[in-house]
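Each chain is listed here by its residues.
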Amino acid sequence: MKDRSIPLFLERRSYRQRRLMDAARLLPLLGVLLWLVPLLWPQGGSQSAPAQVDAVSTSSAILYIFGVWIVLALAALFLSLMLDGKAETQDGGSV
Amino acid sequence: MATLNILIAVCLAYVALLFGVAFMAERAALKGRGNWLRSPWIYTLSLSIYCTAWTFYGAVGYAARSGLEFVTIYLGPTLVMVGWWWALRKMVRIGRTQRITSVADLISSRYGKSGLLAVCVTLLAVIGITPYISLQLQSVTLSFSSFAVSDPEGASLIAGYDTALWVAVGLAMFTILFGTRNLDANERHHGVVMAIAVEAVVKLFALIAVGIFVVWGLAGGIGPMLERIDASDIGQWQMDGGRWVGLTFLSAAAFLTLPRMFQVLVVENEDERHLRTAAWAFPTYLMLMSLFVVPIAVIGLELMPAGSNPDQFVLTVPLSQGQEGLAMLSFLGGFSSATSMVIVAAIALSTMVSNHIVMPIFLRLTQGGASGPSDVRHVVILARRLSIGVVLGLGYLYYKISGGGSALAAIGLVSFAGLAQLLPAMMGGIFWRGATRNGAFAGLVIGFAIWAWCLLLPGFGGGMLSASVMAEGPWGLGWLRPHALFGIEGVDPLLHAVMWSLLLNVTVFIIVSLVSFPSPLERLQGAQFVNIFDHSDNPQSWSGGIAQSEDLMIMAQRILGPEEVQAFFQTEAARQGLAGYLPEPTPDFLARLERELSGAVGGATAHAMVAQIMGAATVSVEDLLAVADETAQMMEYSSQLEAKSNELTRTARQLRAANDKLTQLSVQKDAFLSQISHELRTPMTSIRAFSEILRDAEGLEPKDLTRYASIIHAEAIRLTRLLDDLLDLSVLENGQVNLNIRDGLLSEVISHAIAATGTDMHVLRVRRSGPASEIMLTTDHDRLAQVFINLIANAQKYCDADRPELTIDVSRRGGRVIVDFIDNGSGIPPQAQSMVFEKFYRVADRQAGGAGLGLAICREIMARLGGTLGYLPGQGGAAFRVSLPAAQRMAAR
């Protein structure tokens, strides 16, 4: 069923749409990676962080986390504007 | 006292407003003017029921206790929404094409419409959600008492009333009124969704208002605010990595599996494209909701006396600053959060309870009873209303028994962890065709059991399990301790429960799925779910009741023609006691319509078409098989047609060939007739002429008389001979000739022929060569002699040499006897060589006695004798070759 009507080479426009779908799939992975970064930060309290490294302040953490949040929302906005409505039905979700 | 009164008044006014909004939306939708109801913004706002009172009050408390960890609850849903292309898109498409009514329906449909699974999921959802509902009741009650604290008289007043009870009753009424207005769960609840959207705006607005007041009113701007955050108790990044990841995952899972989220995400979805807007708008909403949580918590920690409940900071901070209006708004925000969640959760749970528990039991009890379909509809509504009451009653009961847990967030997370047990069955179901009902069931049971043992029971009402069980395990089995399964201690209890329950859930689900074998229906559903994008387009909005009838009418008109359909629908509507053209889509009406349609398009197709409009639930494997059967019949029929058409083509070709032959024969016959009449006419003319002379002329000389009579006689003989020849030819051609087969020497036949022609050596000298005397023939000697005579006579007649000579040469070649007749004349011109055997052909106009039939007759005779007669060119004169099979001679020996 999958090889039913997927041509080998696509027009420029369909090609672009497919790459946008790829981007839409990858976006949450990007979000996961970016939000995993805080785990690497030096911890406050009695953790094993080297003494000379100060723990990251909550204000910086807020700026980082919310910054990522805004970037993700903007990227999703961009993708939802660029993705063709018809592409959803054409795509078998299987490429 | 005044404050509390105003609060109650505002609260009632707000509720009235919500009723009004819901009512208006319902009416607009009913009149078909509800286009603005179907905007993606309403959809996005309705998703905000994810942000319950737990968010509104609890998040600040959570932040005050654990810093930024609270944000994980919103990161998970953000990732799910941003990654809508993966799961949500598929879920929404499945929900719309398969007419899924709830999360239990989704899972049971996927696994072969299993009733057992549906009951299982429903029970799990009720058990998991009940604490959550009680949490909402508690938060409203708490917020009331927060106001009451500042008002000593009000405190006593509040104590006299059971706020939670009143809230529960009010919510039950609202939900019953707008949530069970429509008969079908397929239909959307426009009123409810609209009210939720309004509440979503109110709570966002309230939280942001408090946040702005805190940041700019109390802290003095962003910069000072950030400094105060860093200076506070939660000023340093302090995070348990396991909890950070685990809670993000848990919230993402819960976002997909919570019944109320499924209700707004999938069931109430008007259009798949709304998901695109929600993909970025909802993360933005979540971001805004959590933006001011930390500032409020920090300022609350600074301003409020030690020991005050951080869960109420949103309310108590403005109150302590004398901002009554802001506090009122904040209260409304919290109230909105609580009510919207409870309403949708109650609708979702009541749909599940009535569809998967009450209705199956009812149908079993009234099995084959006289109750008509209208009774069933009645029962569905009643069941749903009762379920709403029961769900809210359970929530209230849990609130009363638990006595109000201290930390709101803890209850929420327990609930999340319970519902997350649905995730493997759900995701496995839509992405993996190999997932089976047994696997899903086993995984669910294991996961649910571990969750209940490790998380629900220890936390239930301050601990249902005794301290000894907690410390030493049941019956002294240490590896079964609720917070240290398999002896692994020291893990955060929540993470511990989530990890073990989901790990074993997934493992058991996969292993049992791999081992077990699905039923046909299960496999069919599995293929449909997993390959949903191959099978469906974006279906148009679900519509129910009259709208469904309208769809049916449109479809039927296409098939049966407008007039008939309108008449039919009008009759049906009249039968139901309705005016107009649109009857209710009752089973009776559908059956009749299906019958009408099946007359035009076949039974199985009609059923599938009606089912497509009315919902896929009515399509069974039998129907599909019937469709396949019909198709097979059609194919067989068409192949028969094809064969028949081939046969016809063949026959036509044969007919055409026969026709050509007949035409040719007719032409030949005409030619023959004209030829023969010409041949007959020539002698006839002279006979007539001379007989007229004999009759009319007087005094003829006897010499002339004799001459004329001889001419007439000669011509008559010629005619007779011609007729004899014709007769002979006709007999030969028709194959009616009787052959007189006997043995004899070839030389005898030749001698007989030479003698019969009466030739002498002066006229034609005949030379014979070859071993004719040795060759014995078994054939019709008279006929063969006739051929030879004809050939010798021809040589006599036509040989134009001065001393005509005919050589008769006999030879044997291969299995044949060859007799050549070669004269020394000028021969036959090449263009005439192929014509000499045709009837009535004569080489020249030279005087000759024959009618031109001789050679034709000879050729026919030779054909009868199994031999051939042909012209032999290049022999110096006219040469004819007679070839006879020698096999006849051989056979004679």
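The structure presented is a predicted model; accordingly, all values stated were derived computationally and were not measured.

Cut-off values and rules
Residues numbered from 1 in each chain as written. Chains lettered and ligands numbered in written order. Predicted model: local features only at pLDDT ≥ 70, side-chain atom pairs only at ≥ 80, totals over all residues. Heavy atoms only, no water. Helix = DSSP H or I, 4+ residues; strand = E, 2+ residues; numbered from the N terminus. Buried < 20%, exposed > 50% of the residue type's maximum accessible area, 1.4 Å probe, protein only. Contact = heavy atoms within 4.5 Å. Areas by Shrake-Rupley, 256 points an atom, 1.4 Å probe, with all protein chains shown as cover. Patch = residues over 30% accessible without salt bridge, like charges linked within 9 Å, V, L, I, M, F, W, Y side chains within 5 Å. Salt bridge = Lys/Arg side-chain N within 4 Å of Asp/Glu carboxyl O. Buried area = accessible area lost by both parts, 1.4 Å probe. Polar contact = N/O pair within 3.5 Å; in protein donor to acceptor, adjacent residues only side chain to side chain. Nonpolar A, V, L, I, M, F, W, Y, C, P; charged D, E, K, R; others polar. Pairing = 2+ DSSP bridges. Axes fitted to C-alpha atoms, helices over the stretch in contact; angles between N-to-C directions. Parallel < 35°, antiparallel > 145°, perpendicular 65-115°, else oblique. Phe/Tyr/Trp six-rings, centres within 6.5 Å; stacked < 30°, edge-to-face > 60°. Lys NZ or Arg CZ within 6 Å of the ring centre and 35° of its normal. Core = buried A, V, L, I, M, F, W, Y, C linked by side-chain atoms within 4.5 Å. Left-handed = near helix turned anticlockwise from the far one by under 90°. Expected span 1.5 Å × (residues − 1). Arc of directions from axis to C-beta.

A. Quick look at the overall build of chain B. Scanning chain B from terminus to terminus reveals 36 helices and seven strands. A burial count over chain B gives 51% of its 893 residues as buried. The contacts in chain B between residues at least 6 apart in sequence include a share of 79% that link residues at least 24 apart. When the accessible surface of chain B is totalled, it reaches about 39400 Å², and 61% of it is carbon and sulfur.

B. Quick look at the overall build of chain A. Along its length, chain A carries three helices and zero strands. Sequence-ordered secondary structure for chain A, helices as α and strands as β, is α-α-α. The buried share among the 95 residues of chain A stands at 36%. Within chain A, residue pairs in contact and separated by at least 24 positions form 73% of the contacts whose partners lie at least 6 positions apart. Carbon and sulfur atoms make up 63% of the accessible area of chain A, which amounts to about 5900 Å² in all.

C. Looking closely at a nonpolar patch on the surface. On the surface, a cluster of nonpolar side chains totalling about 460 Å² of accessible area is made up of Val506(B), Ile510(B), Ile511(B), Leu514(B) and Val515(B). Tracing the sequence through the fold places Ile511(B) in helix 23 (residues 493–515).

D. Fine view of the interface of chain B and chain A. Listed as interface residues are 41 residues of chain B and, on the opposing side, 42 residues of chain A. For the pairing of chain B and chain A, the buried interface totals around 3900 Å² over both sides, and the portion due to carbon and sulfur atoms is 68%. At the boundary of chain B and chain A, one finds zero salt bridges. For the pair chain B and chain A, the interface holds seven residue pairs in polar contact (both at pLDDT 80 or more). Where the side of chain B that touches chain A is concerned, the elements lending two or more residues are helix 4 (72–82), helix 5 (88–97), helix 11 (222–231), helix 12 (241–257), helix 14 (274–291) and helix 25 (532–535) of chain B. Counting residues per element, the side of chain B that touches chain A draws most heavily on helix 14 of chain B, which supplies nine residues. Here the side of chain B that touches chain A is built from residues that sort into 24 nonpolar, 10 polar and seven charged.

E. Spotlight on the environment of Leu39(A). Examined against the element boundaries, Leu39(A) turns out to sit in the loop between helix 1 (12–36) and helix 2 (58–82). For Leu39(A), a relative accessible area of 28% puts it in the partly exposed group. If sequence neighbours within four positions are ignored, Leu39(A) has contacts with Gly241(B), Trp244(B) and Val245(B).

F. Region of the structure containing the sheet that holds strand 4 (residues 805–813) of chain B. Residue and element names in this part refer to chain B. Here we have five strands laid out as an open sheet, ordered 2-4-5-7-6, and mixed in their pairing. Taken across any chain shown, the strands that pair with only one partner, and hence form the sheet edges, are strand 2 (765–769) and strand 6 (868–871). Adjacent strand axes in the sheet meet at a mean angle of 15° when their direction is disregarded. On top of the sheet, helix 32 (residues 746–757) reaches strand 2, strand 4 and strand 5 (816–823); it is set at about 180° to strand 2, its chief contact.

G. Geometry of the packing of helix 6 (residues 103–110) of chain B against helix 24 (residues 520–530) of chain B. All names here are of chain B. Direction vectors running N to C along helix 6 and helix 24 enclose 120°, while the axes themselves pass 8 Å from each other. The angle between helix 6 and helix 24 falls in the class oblique. Between helix 6 and helix 24, the contacting residues are Leu106, Ser109 and Arg110 on the first element and Glu522, Gln525, Gly526 and Phe529 on the second. Classifying every residue of the contact of helix 6 with helix 24 by side-chain character gives two nonpolar, three polar and two charged.

H. Geometry of helix 5 of chain B. The element helix 5 of chain B is extensively covered by neighbouring structure, given that nine of its 10 residues are classed as buried. Along helix 5 of chain B, the positions that sit buried rather than exposed are Leu88(B), Arg89(B), Lys90(B), Met91(B), Val92(B), Arg93(B), Ile94(B), Gly95(B) and Arg96(B).

I. Representation of the packing of aromatic side chains in the model. Residues and elements named next belong to chain B. Within this structure, the stated rule accounts for 20 aromatic pairs over all chains. A centroid spacing of 5.4 Å and a plane angle of 85° characterise the contact between Phe56 and Tyr57, whose relative ring orientation is edge-to-face. By relative accessible area, which is 0% here, Tyr57 ends up buried. Among the aromatic residues, ring-to-ring pairing joins Tyr50, Phe70, Tyr74, Tyr132, Phe255, Phe282, Tyr285 and Phe416 into one connected group. Of note, Arg89 hangs over the ring of Trp85, and the distance from its end group to the ring centre comes to 3.9 Å.

J. Geometry of the nonpolar core. By size, the foremost hydrophobic cluster in this structure holds 191 residues, and its most contacted members are Trp69(A) and Phe70(B). Here this core takes 17 residues from helix 17 (residues 324–365) of chain B, the largest share from any one element. Setting aside residues up to four positions removed in sequence, Phe70(B) forms contacts with Ala59(B), Tyr62(B), Ala63(B), Ser290(B), Val293(B) and Val294(B). In this structure, Val787(B), Val819(B), Leu853(B) and Val882(B) belong to the second largest nonpolar core, which totals 49 residues.

K. Representation of the pattern of salt bridges. Summed over all chains, the structure comprises 16 salt bridges over all chains. A salt bridge links Asp728(B) to Arg783(B); the shortest N-O distance between them is 3.2 Å. Highlighted residues: Asp728(B) in helix 31 (residues 702–733) and Arg783(B) in helix 33 (residues 781–798), separated in sequence by 55 residues. Accessibility assignment for this pair places Asp728(B) and Arg783(B) in one class, buried. Salt-bridge contacts for Arg742(B) lead to Asp782(B); the nearest nitrogen and oxygen are separated by 3.6 Å. You can see Arg742(B) sitting in strand 1 (residues 741–745) and its partner Asp782(B) sitting in helix 33, a full 40 residues away along the chain. Residues joined by salt bridges that share partners form a network here, namely Arg19(A), Asp22(A) and Arg25(A).

L. Highlighting the side chain of Asn505(B). Residue and element names in this part refer to chain B. Following the sequence through the fold, Asn505 ends up in helix 23. Residue Asn505 is classed as buried on the basis of its relative accessible area of 2%. Leaving out residues up to four positions away in the same chain, Asn505 has contacts with Gln421, Pro424, Gly443, Leu444, Ile446 and Gly447.

M. Expanded view of the pairing of strand 7 (residues 879–885) of chain B. All names here are of chain B. In terms of burial, strand 7 is largely enclosed, as six of its seven residues are buried. Taken together, the four bridges between strand 6 and strand 7 define a ladder with antiparallel strand orientation. Across the sheet, residue Tyr871 finds its bridge partner in strand 7, namely Phe880.

N. Expanded view of the packing of helix 33 of chain B against helix 35 (residues 854–864) of chain B. All names here are of chain B. Their axes nearest at 10 Å, the elements helix 33 and helix 35 cross at an angle of 150°. Considered as vectors, helix 33 and helix 35 are oriented roughly antiparallel to each other. Of the two possible hands of crossing, helix 33 and helix 35 adopt the one that is left-handed. Each of Arg783, Leu784, Gln786, Val787, Asn790, Leu791 and Asn794 in helix 33 lies in contact with helix 35, whose residues at this interface are Gly854, Leu855, Ile857, Cys858, Ile861 and Met862. Residues belonging to the contact of helix 33 with helix 35 are distributed by class as follows: eight nonpolar, four polar and one charged.

O. Fine view of helix 32 of chain B. Residues and elements named next belong to chain B. Its 12 residues give helix 32 an end-to-end C-alpha distance of 17 Å, which sits within 8% of 16 Å, the value for a rise of 1.5 Å per residue. Of the residues making up helix 32, those classed as buried are Leu746, Ser747, Val749, Ile750, Ala753, Ile754 and Thr757. Angularly, the buried residues of helix 32 cover 160° about the axis, an arc narrow enough to put them on a single face. Relative to its buried face, helix 32 has exposed residues pointing more than 90 degrees away, namely Glu748 and Ala755. Residues of helix 32 that are buried sit in contact with strand 1, strand 2, strand 3 (776–780), helix 33, strand 4 and strand 5. Backbone geometry just downstream of helix 32 places Gly758 in the positive-phi region, at approximately 65°.

P. Focus on the side chain of Ser340(B). Residues and elements named next belong to chain B. Relative to the helices and strands, Ser340 is located in helix 17. Judged by its relative accessible area of 0%, Ser340 falls in the buried class. When neighbours within four sequence positions are excluded, Ser340 is seen to be in contact with Ile49, Ile196, Glu199 and Lys203.

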